[in-house]
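Spelled out, the chains give:
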Amino acid sequence: MAEITMYGADWCSDCRRSKALLDATGVAYDYVDVEASAENADAARAISGRTNIPVIAFADGTHQVEPSDAALRGKLVELALV
């Protein structure tokens, strides 16, 4: 299992941007499509308390919602994943 789980949707530009950053860094992550089921959307909402996406959950118990590239990259460095 990956240390990162990203909850998002294909139509979401912030999701595509964060996904592209994760792909470019080569960091392994699980992608959960919130449009695929209500349970997936509920899981993202349970983590963040919000309906905004992407929700990116980390193995250390923290998460980011709609992070900038700089914030997401900083978290990857903090976790020594890049």
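Residues numbered from 1 in each chain as written. Predicted model: local features only at pLDDT ≥ 70, side-chain atom pairs only at ≥ 80, totals over all residues. Heavy atoms only, no water.

A few words on the side chain of Lys 75. Mapping Lys 75 onto the fold places it in helix α3 (residues 69–78). On the basis of relative accessible area, Lys 75 is assigned to the buried category, the value being 9%. A polar contact is formed between the side chain of Lys 75 and the side chain of Thr 62, at a distance of 3.0 Å. Those residues in contact with Lys 75, other than ones at most four positions away along the chain, are Phe 58, Asp 60, Thr 62 and Gln 64. (Helix = DSSP H or I, 4+ residues; strand = E, 2+ residues; numbered from the N terminus. Buried < 20%, exposed > 50% of the residue type's maximum accessible area, 1.4 Å probe, protein only. Polar contact = N/O pair within 3.5 Å; in protein donor to acceptor, adjacent residues only side chain to side chain. Contact = heavy atoms within 4.5 Å.)

Structurally, Asp 10 can be placed in the loop between β1 (4–8) and α1 (13–25). Here Asp 10 is in contact with Arg 16 and Tyr 31, once residues within four sequence places are set aside.

Turning next to the packing of α1 against α3. Where α1 meets α3, the axes come as close as 10 Å, and the angle between the chain directions of the two elements is 40°. Remark: the crossing between α1 and α3 carries right-handed chirality. Contact residues: α1 offers Arg 17, Ser 18, Leu 21, Leu 22 and Thr 25, while α3 offers Asp 69, Leu 72, Arg 73 and Leu 76. Counted by class, the contact of α1 with α3 contains 4 nonpolar, 2 polar and 3 charged residues. (Axes fitted to C-alpha atoms, helices over the stretch in contact; angles between N-to-C directions. Left-handed = near helix turned anticlockwise from the far one by under 90°. Nonpolar A, V, L, I, M, F, W, Y, C, P; charged D, E, K, R; others polar.)

Turning next to the pattern of salt bridges. One pass over the full model with this rule turns up 6 salt bridges. Two residues, Arg 17 and Asp 69, come together in a salt bridge whose shortest N-O distance is 2.8 Å. Residue Arg 17 is located in helix α1, and its partner Asp 69 is located in helix α3; the two are separated by 52 residues in the primary sequence. Given a relative accessible area of 27%, Asp 69 falls into the partly exposed group. (Salt bridge = Lys/Arg side-chain N within 4 Å of Asp/Glu carboxyl O.)

Covered by surrounding structure in strand β3 (residues 55–58) are Val 55 and Ala 57 together with Ile 56 and Phe 58, the residues of both alternating faces. In this sheet, β3 lies alongside β1 in antiparallel orientation, the contact comprising 4 bridges. Pairing of Ile 4 across the sheet is with Phe 58, part of β3. The pairing of β3 with strand β4 (residues 63–65) spans 3 bridges and is classified as antiparallel. Counterpart to Val 55 in the pairing with β4 is Val 65. The loop that links β3 with its antiparallel partner β4 comprises 4 residues; one of these, Gly 61, has a positive phi angle of about 90°. (Pairing = 2+ DSSP bridges.)

This brings us to the nonpolar core. Nonpolar side chains in soluble globular proteins generally cluster together in the buried interior. Core analysis: the biggest nonpolar cluster contains 20 residues, and Ile 4, Leu 22, Leu 72 and Leu 76 have the highest contact counts within it. For this core, the secondary-structure elements that each account for two or more residues are β1, α1, β3 and α3. (Core = buried A, V, L, I, M, F, W, Y, C linked by side-chain atoms within 4.5 Å.)

Coordinates in, geometry out; function isn't part of it.
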